[in-house]
Amino acid sequence: GNGAGAQVAKRRRLQVPPVKCLDRETYLAKMKEVLSPMVQIGAMYSSLVDGIVTDPELMALPIHDHAIVRGHAVFDTCSVVNGRLYRVDIHLDRHIDSALSARIPLPFGESSEACKERMRTIIAQTVVASGFRNASVRYYTSAGPGNFGVTPDGCRPAFYVVVMGKAANVIKDEDMKGIREYTVDLPLKPGMLAKTKSNNYMLNVLTAMASKDRGGNFGILVDDEGCIAESCVLNCTFITKDRRLITPSFDKILAGTSVRKIMDVAHRLVAEGVLTAVSQEKIQVATAKECVEMLLSGGDTHLVPVTHWDDKPVGTGHVGEVTKRLIQLVKEDAEEGVDDHYDLEYA
């Protein structure tokens, strides 16, 4: 008797005011208001409905999508430059490799090539629907929605595409004039996650935050051998005193598409005598700090000169001449080249 009464007396009652569930129209109106000051997204595709929307309040995915539930998703990007898709194929190749590495069933076709073709078509359609002629594209392949389980059993694989205006770029125009950077003491991702472009970006986020805490931007990571690894979402490149362009090998980091383009155009500078060599290799921190130019790269066209590293000038402390040429060559390739481009037909 008394024991049971004591237990009842110890029970806590949470007094909460009644709340009215939102109807569809109210919810969408509130979402439109909340999203209006945020990043501009021109269009979104979802394979769940096999359609494109341009209303921001409709750009959503199910809360039980395993991209959210378990981070079981991969993503990649490409660019739209003057109404043309730029470098979509090299990104899609990496994207499909990432999906297979993550054991996510491909959402389209019976082969990787068929899936790639369908994805490329959807990306182009979404870009045209956005009306943007200069934009960033981000696309995700997820284990998909279905439940809150651990494995993707019972889920439906999904493909999402978003087309964003220039303001959404991680790298801003002012960054291209030179930035300060700091070495960050955080672990690298384990090998599989490092080479797979997955949604597991917690360490990337913390890397950038740690650098910003000191007045930097993206951060520089060093591996357990004392060698340069990468930045938070960017690859690192250096110009040595003897005019060699060097960048870390991809054995512990993501195979960046932008740094591959840099190495490609850099061979032209070798032919001109501006550079003596182009090399991927292990780069000790001490070697990197003796270099006369340093840059970070990502997003196809973004080359970010680093003029100060750990509060010391890189070279002269100003953007170097080789870096300026590399920026020019990559820009020319994006705007005038033909090999990595697809013309789009806008209405």
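A. Just unusual backbone geometry, in detail. One non-glycine residue, Asn82, adopts positive backbone phi at about 50 degrees. The exposure class of Asn82 is partly exposed, given its relative accessible area of 45%.

B. Examining the packing of aromatic side chains more closely. Tallying each qualifying case throughout the model produces six aromatic pairs. Ring centres of Phe108 and Phe159 lie 5.7 Å apart, and the angle between their planes is 85 degrees; this geometry places the pair in the edge-to-face category. Of this pair, Phe108 sits in the loop between helix H4 (88-101) and helix H5 (112-130) while Phe159 sits in strand S6 (residues 158-164), and the two are 51 residues apart along the sequence. Take Phe108 and Phe159: they sit in the same class, and that class is buried.

C. Region of interest: the pairing of strand S11 (residues 244-247). As judged from the two bridges shared by strand S10 (residues 235-239) and S11, these two strands associate in the antiparallel manner. The residue bridging Ile239 from the neighbouring strand is Leu245, located in S11. Hairpin connection, S10 to S11: the antiparallel pair is bridged by four residues, and Arg243 has positive phi, about 65 degrees. Pairing geometry for S11 and strand S12 (residues 277-280), over four bridges, is parallel. Bridge pairing links Ile246 to Ser279 in S12.

D. Structural detail: the packing of helix H8 (residues 257-272) against helix H10 (residues 321-336). H10 packs onto H8 with a crossing angle of 120 degrees between their chain directions and a minimal axis gap of 10 Å. Classified by the angle their axes make, H8 and H10 are oblique. In this structure, H8 meets H10 at a crossing whose hand is right-handed. Every residue of H10 that contacts H8 at Lys261, Ile262, Val265, Ala266, Arg268, Leu269 and Glu272 is listed here: Val322, Arg325, Leu326, Leu329, Val330 and Asp333. The residue makeup of the contact of H8 with H10, split by class, is eight nonpolar, no polar and five charged.

E. The nonpolar core, seen in detail. By size, the foremost hydrophobic cluster in this structure holds 23 residues, and its most contacted members are Leu85, Ile123, Val127, Val137, Tyr139, Phe159 and Val161. Those elements giving two or more residues to this core turn out to be strand S3 (73-81), H4, H5, strand S5 (135-142) and S6. Of the residues forming this core, the biggest block, six residues, is contributed by H5. The contact partners of Ile123, leaving out residues within four places of it in the chain, are Cys78, Leu85, Val88, Leu92, Val137, Tyr139, Phe159 and Val161. In terms of nonpolar packing, the next biggest core, distinct from the first, is built from 20 residues, Phe218, Ile228, Ile283 and Leu296 among them.

F. Representation of empty space enclosed by the protein within the structure. All chains considered together, the criterion is met by three cavities of 30 Å³ or more. Approximately 90 Å³ is the volume found for the largest cavity. Broken down by class, the residue content of the lining of the largest cavity amounts to five nonpolar, one polar and five charged. Taken as a whole, the second largest cavity spans an internal volume of roughly 60 Å³.

G. A look at the packing of H4 against H5. In the contact formed by H4 and H5, the axes pass within 10 Å of each other and the chain directions differ by 125 degrees. In terms of axis orientation, H4 runs oblique to H5. In this structure, H4 crosses over H5, and the sense of that crossing is right-handed. In contact with Val88, Asp89, Leu92, Asp93, His95, Ile96 and Leu100 of H4, H5 contributes Ser112, Cys115, Lys116, Met119, Arg120 and Ile123. Looking at the contact of H4 with H5, its residues break down into seven nonpolar, two polar and four charged.

H. Broad picture of the sheet that holds strand S4 (residues 84-86). Pairing in this open sheet of seven strands is antiparallel, and the strands run S2-S1-S6-S5-S3-S4-S16 from one edge to the other. Whereas interior strands pair on both sides, the edge strands pair on one side only; in this sheet they are strand S2 (51-53) and strand S16 (341-343). Mean inter-strand twist for the sheet, computed between neighbouring axes without regard to direction, equals 20 degrees. Bridge count between strand S1 (residues 41-46) and S6: five bridges; the pairing is antiparallel. For Tyr45, the partnering residue across the bridge sits in S6 and is Val161. Here H10 sits on the sheet and contacts S3, S4 and S16; the angle it forms with S4, its principal contact strand, is near 140 degrees.

I. Representation of the environment of Met119. You can see Met119 is positioned in helix H5. Relative accessible area serves as the criterion here: at 0%, Met119 is assigned to the buried category. Spatially, the C-alpha atom of Met119 lies 10.0 Å from that of Gly109, the residues being ten residues apart in sequence. Look past the residues within four positions of Met119 in its chain and what remains in contact with it is Leu92, His95, Ile96, Pro107, Phe108, Thr141 and Phe159.

What counts as what
Residues numbered from 1 in each chain as written. Predicted model: local features only at pLDDT ≥ 70, side-chain atom pairs only at ≥ 80, totals over all residues. Heavy atoms only, no water. Buried < 20%, exposed > 50% of the residue type's maximum accessible area, 1.4 Å probe, protein only. Phe/Tyr/Trp six-rings, centres within 6.5 Å; stacked < 30°, edge-to-face > 60°. Helix = DSSP H or I, 4+ residues; strand = E, 2+ residues; numbered from the N terminus. Pairing = 2+ DSSP bridges. Axes fitted to C-alpha atoms, helices over the stretch in contact; angles between N-to-C directions. Parallel < 35°, antiparallel > 145°, perpendicular 65-115°, else oblique. Left-handed = near helix turned anticlockwise from the far one by under 90°. Contact = heavy atoms within 4.5 Å. Nonpolar A, V, L, I, M, F, W, Y, C, P; charged D, E, K, R; others polar. Core = buried A, V, L, I, M, F, W, Y, C linked by side-chain atoms within 4.5 Å. 1 Å grid on protein atoms, 1.4 Å probe; cavity = no way out; pocket = protein on both sides within 12 Å on 5 of 7 lines; lining within 4 Å. Points joined across faces, edges and corners; volume = space filled by probe spheres on them.

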